[in-house]
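# Examination of the molecular architecture
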Amino acid sequence: MTLPLTSQQEASNDPELSEIIAALDRASAGSSGERGDTRERLLAAAMPAFATEGFRATTIRSLASAVGITPGAVYAHFDSKEAILSAALARTYRKFLIDVVIPQDGEGAGVRFDGLCRRHMLFQMENSEIASASDMLLLNEMVLQAADPATVQVIRRAKAAYFDRIYQEVIRLDAGPGGLRLKVKTRAVLVVCDSLSAEPRPETEGMDRKAVLDQYMRLVSSIIRP
């Protein structure tokens, strides 16, 4: 795994985050450890296909066709459809952590929270197809049963670690003890951030990205400080 210098610094400051990203990196690379262009295109095509057509209905043939290779060539990169699913899920959540959690923010109350939320929303907007597909697949128990158990476990661990980061920021902003009330607020914030994968919407049509993010951050602020 090779990260930019600032990413390496942030990850090294958080051993758990570093370990999770390394585990997701291994899972997305597979047993061969290779990351060729064809392999990456297969993973990118797999996410929306599994989400819209269903994991069982999606075939190796259809995935091969989507990237312009023969079905037999798929097996040069993956042993099975289940292996594609596992690597695709790991690839997406690894990208999320690197794009959203790794970047540094300035000092001051709420600065880290604002940065995390804005990057989360921007990730959903810029990667709407794979973000929506990942969210849908991770809620499907049948899909999770088909994926590699170790990969599912590390993704669940990653999701829990991210929730805890947002939760700790909510506690700081609320200036009170943690508990169920603040966990509900944290969950509501994450729902708002995730919802931007469905953009554009009529109410934000014609707005630039910064204006959309500003509008949604006002909603997030109303959740934290009603």
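The structure displayed is predicted, hence computed values, not measured ones.

This part takes up helix H6 (residues 81-101). Between the first and last C-alpha of H6 there are 30 Å, a value that for 21 residues agrees with the 30 Å anticipated at 1.5 Å per step. Within H6, 16 of the 21 residues are buried, which leaves it mostly tucked inside the rest of the structure.

Let us now look at the UniProt feature "DNA-binding region" (unreviewed entry) in the protein chain. Mapped onto this numbering, the UniProt entry annotates "DNA-binding region" (unreviewed entry) at residues 59-78. Secondary structure across residues 59-78 comprises 60% helix and 0% strand; the distance between its end C-alpha atoms is 13 Å.

This part covers the nonpolar core. In terms of nonpolar packing, the biggest core is built from 73 residues, with Leu-24, Ile-84, Leu-97, Phe-113, Met-121, Tyr-162 and Val-189 touching the most fellow members. Of the residues forming this core, the biggest block, twelve residues, is contributed by H6. Non-local contacts of Leu-24, meaning those with residues more than four positions away in its chain, are made with Ala-90, Tyr-93, Arg-94, Leu-97, Val-154, Ile-155 and Ala-158.

On to helix H11 (residues 180-194), then. Along an α-helix, residues three or four positions apart point the same way, because every turn accommodates 3.6 residues. Taking 1.5 Å per residue as the helical rise, H11 with its 15 residues ought to reach 21 Å, and the 21 Å between its terminal C-alpha atoms agrees with that figure. Residues of H11 that are buried: Leu-182, Lys-185, Thr-186, Val-189, Leu-190, Val-192 and Cys-193. One side of H11 carries all its buried residues, which in axial view fall inside an arc of 160°. The outward face of H11, more than 90 degrees from its buried face, is lined by the exposed residues Leu-180, Val-184 and Val-191. Where H11 is buried, its residues meet helix H7 (111-126), helix H10 (149-174) and helix H12 (209-224).

Two numbers describe a pair of packed helices, the interaxial angle and the distance between the axes. At their nearest, the axes of H7 and helix H8 (residues 128-137) sit 5 Å apart, and the two run at 105° to each other. One element, H7, and the other, H8, form an angle in the roughly perpendicular class. Of H8, the residues touching H7 (which contributes Phe-123, Gln-124, Met-125 and Glu-126) are Ser-128, Ala-131 and Asp-135. Within the contact of H7 with H8, the residues separate by chemical class into three nonpolar, two polar and two charged.

Reading the values: the criteria
Residues numbered from 1 in each chain as written. Predicted model: local features only at pLDDT ≥ 70, side-chain atom pairs only at ≥ 80, totals over all residues. Heavy atoms only, no water. Helix = DSSP H or I, 4+ residues; strand = E, 2+ residues; numbered from the N terminus. Expected span 1.5 Å × (residues − 1). Buried < 20%, exposed > 50% of the residue type's maximum accessible area, 1.4 Å probe, protein only. UniProt positions renumbered as here; feature names shortened; annotations may be inferred. Core = buried A, V, L, I, M, F, W, Y, C linked by side-chain atoms within 4.5 Å. Contact = heavy atoms within 4.5 Å. Arc of directions from axis to C-beta. Axes fitted to C-alpha atoms, helices over the stretch in contact; angles between N-to-C directions. Parallel < 35°, antiparallel > 145°, perpendicular 65-115°, else oblique. Nonpolar A, V, L, I, M, F, W, Y, C, P; charged D, E, K, R; others polar.

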